[in-house]
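# Coordinates in review
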Amino acid sequence: MRKKIVAGNWKMNQTLSEGKNLVEGILAGLPALNESKEVVICPPFVHLSQTAAQLDEYEHIYLGAQNCSSEASGAYTGEVSAQMLQSTGTHYVIIGHSERREYFNEDDALLARKVEQALATDMKVIFCCGESLEIRDSNAQNEWVGKQLKSALFHLGDLLMQRIVIAYEPIWAIGTGRTASAAQAQEMHAYIRHVIASQYNPVLADNMTILYGGSAKPSNAAELFACPDVDGGLIGGASLKAEDFLGIINAMMAS
Ligand code: PEP
């Protein structure tokens, strides 16, 4: 069964006390979630234990991390392993965000190793893909995204692939206030599902959750989530205000 998910990516924002208040605000207004409609909160690493404790008694709202190491353990100063994340109560890890690809030079081979580390635990991966404006303008976005999926994911067998959530995030829409139109999002999501059906099988592709990310907000979430292949969103800026994040969650609930 395909799940709908709204995931909040706080990026490098919020002190511990600000994060605590934000989660309290979200929990205070949270609608009744269920097995097919989930929420994920992805704060910075230092928040994970605190946020895990806050979410402990709630169902269908999960903790996510924004990154994990490509190595299992050892002398890698400053890194955080997938196993450490899992030990805090983290269920999801974002891998391949365009900011990690661009500012930290994370390439497909490294991302493939990170995916393997995360899946070696019980966690699920929110794998980000998406094209730059230059690629969109040259109408090469499908080839680009197809290659990103192939390089980092398609070595996985069916069982592991079932623990992947894809987030399509056109780089030109992230943090820019410029959202992809519902038609552009639907077209790419349908393409991604088609590529996965060809590589794996139609049932696996049909069950896969594919999120949209890029300047999603309460005012445009309903239209995006109404698209048949858009199964929710990965939300940056609008996840930092409880009211906005709840507005997007409510749009998912109504979709
Ligand atoms: C993101 O960083 O994943 C994102 C979608 O950011 P924003 O919603 O701020 O565009």
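Summary of the structure given here. (Residues numbered from 1 in each chain as written. Predicted model: local features only at pLDDT ≥ 70, side-chain atom pairs only at ≥ 80, totals over all residues. Heavy atoms only, no water.)

## Re the overall build of the chain
Counting its regular elements, the chain contains twelve helices and eight strands. Expected size for 255 residues packed as a compact globule is a radius of gyration near 18 Å; at 17 Å, the chain falls within 12% of this value. C-alpha extents for the chain along the principal axes are approximately 45 × 45 × 35 Å. Here the chain, with 255 residues, has 52% of them falling under the buried criterion. The chain carries 19 positive and 29 negative side-chain charges, and their two centres are separated by 2 Å. (Helix = DSSP H or I, 4+ residues; strand = E, 2+ residues; numbered from the N terminus. Rg over C-alpha atoms; globule rule 2.2 N^0.38 Å. Buried < 20%, exposed > 50% of the residue type's maximum accessible area, 1.4 Å probe, protein only. Lys, Arg positive; Asp, Glu negative; His and termini not counted. Charge placed at Lys NZ, Arg CZ, Asp CG, Glu CD.)

## Looking at the sheet that holds strand β4 (residues 92-95)
Overall, parallel pairing links the eight strands, which are arranged β1-β2-β3-β4-β5-β6-β7-β8 in a closed barrel. Neighbour-to-neighbour, the strand axes of this sheet turn through a mean angle of 25°, independent of strand direction. (Pairing = 2+ DSSP bridges. Axes fitted to C-alpha atoms, helices over the stretch in contact; angles between N-to-C directions.)

## As for the packing of helix α11 (residues 218-225) against helix α12 (residues 242-254)
Axes are the key here: two packed helices are described by the angle between their axes and the distance separating the axes. As a packed pair, α11 and α12 sit with axes 8 Å apart at the nearest point and diverge in direction by 20°. Judged on the interaxial angle alone, α12 and α11 are roughly parallel. Like other packed secondary-structure pairs, α11 and α12 cross with a definite hand, here right-handed. Seen from α11, the contacting residues are P218, A221, A222 and F225; seen from α12, they are D244, G247, I248, A251 and M252. Residue composition of the contact of α11 with α12, by class: seven nonpolar, one polar and one charged. (Parallel < 35°, antiparallel > 145°, perpendicular 65-115°, else oblique. Left-handed = near helix turned anticlockwise from the far one by under 90°. Contact = heavy atoms within 4.5 Å. Nonpolar A, V, L, I, M, F, W, Y, C, P; charged D, E, K, R; others polar.)

## Some remarks on the site of the ligand
Within the structure, the ligand sits among 14 residues, and K11, H97, E169, G175 and S215 are positioned closest to it. Here an oxygen atom of the ligand sits 2.7 Å away from a polar atom, N or O, in the main chain of S215. G237 is positioned such that a nitrogen or oxygen atom in its backbone is 2.8 Å from an oxygen atom of the ligand. In isolation the ligand exposes 290 Å². Once the protein is present, 96% of that is buried. (Near = heavy atom within 4 Å. Polar contact = N/O pair within 3.5 Å; in protein donor to acceptor, adjacent residues only side chain to side chain. Areas by Shrake-Rupley, 256 points an atom, 1.4 Å probe, with all protein chains shown as cover.)

## A word on the layout of surface pockets
Volume-wise, the largest pocket comes out at about 470 Å³. K11, M12, Q66, R100 and F104 are, among the 18 residues lining the largest pocket, the residues nearest its centre. Of all the elements, helix α4 (residues 98-103) adds the most residues to the lining of the largest pocket, at three residues. When grouped by side-chain class, the residues that make up the lining of the largest pocket number eight nonpolar, six polar and four charged. Its volume calculated, the second largest pocket comes out at about 260 Å³. (1 Å grid on protein atoms, 1.4 Å probe; cavity = no way out; pocket = protein on both sides within 12 Å on 5 of 7 lines; lining within 4 Å. Points joined across faces, edges and corners; volume = space filled by probe spheres on them.)

## Regarding the pattern of salt bridges
Taken as a whole and judged by the stated rule, the model has 13 salt bridges. With its nearest N and O atoms 3.1 Å apart, the salt bridge here joins K3 to E38. Note that K3 is positioned in the segment before β1 (4-9) and E38 in strand β2 (residues 37-42), a separation of 35 residues in sequence. Between D108 and K147 there is a salt bridge whose closest N-O contact spans 3.6 Å. Of this pair, D108 sits in helix α5 (residues 108-120) while K147 sits in helix α7 (residues 141-153); the two residues are 39 residues apart in sequence, bridging distant segments of the chain. Looking at D108, the relative accessible area reads 19%, which means it is buried. Because the salt bridges share partners, they merge into one network encompassing R2, R193, D206, D229 and D231. (Salt bridge = Lys/Arg side-chain N within 4 Å of Asp/Glu carboxyl O.)

## Here we look at α7
With 13 residues, α7 extends 18 Å from end C-alpha to end C-alpha; this agrees with the ideal 18 Å at 1.5 Å per step. By the burial criterion, the buried members of α7 are Q141, V145, G146, Q148, L149, A152 and L153. Burial along α7 is one-sided: seen end-on, the buried residues are contained in an arc of 155°. Opposite the buried face of α7, by more than 90 degrees, sit the exposed residues E143, K147 and K150. (Expected span 1.5 Å × (residues − 1). Arc of directions from axis to C-beta.)

## A short note on the side chain of T121
Mapped onto the fold, T121 is located in the loop between α5 and β5 (124-129). Non-local contacts of T121, meaning those with residues more than four positions away in its chain, are made with A82, Q83, Q86 and R163.

## What about the packing of α5 against α7?
Viewed as axis vectors pointing N to C, α5 and α7 meet at an angle of 50°, and their least axial separation amounts to 7 Å. One finds that α5 runs oblique with respect to α7. Along this stretch, α5 crosses α7, giving a crossing that reads as right-handed. On α7, the residues that touch D108, L111, A112 and V115 of α5 are K147, S151, A152 and L153. The class makeup of the residues in the contact of α5 with α7 is five nonpolar, one polar and two charged.

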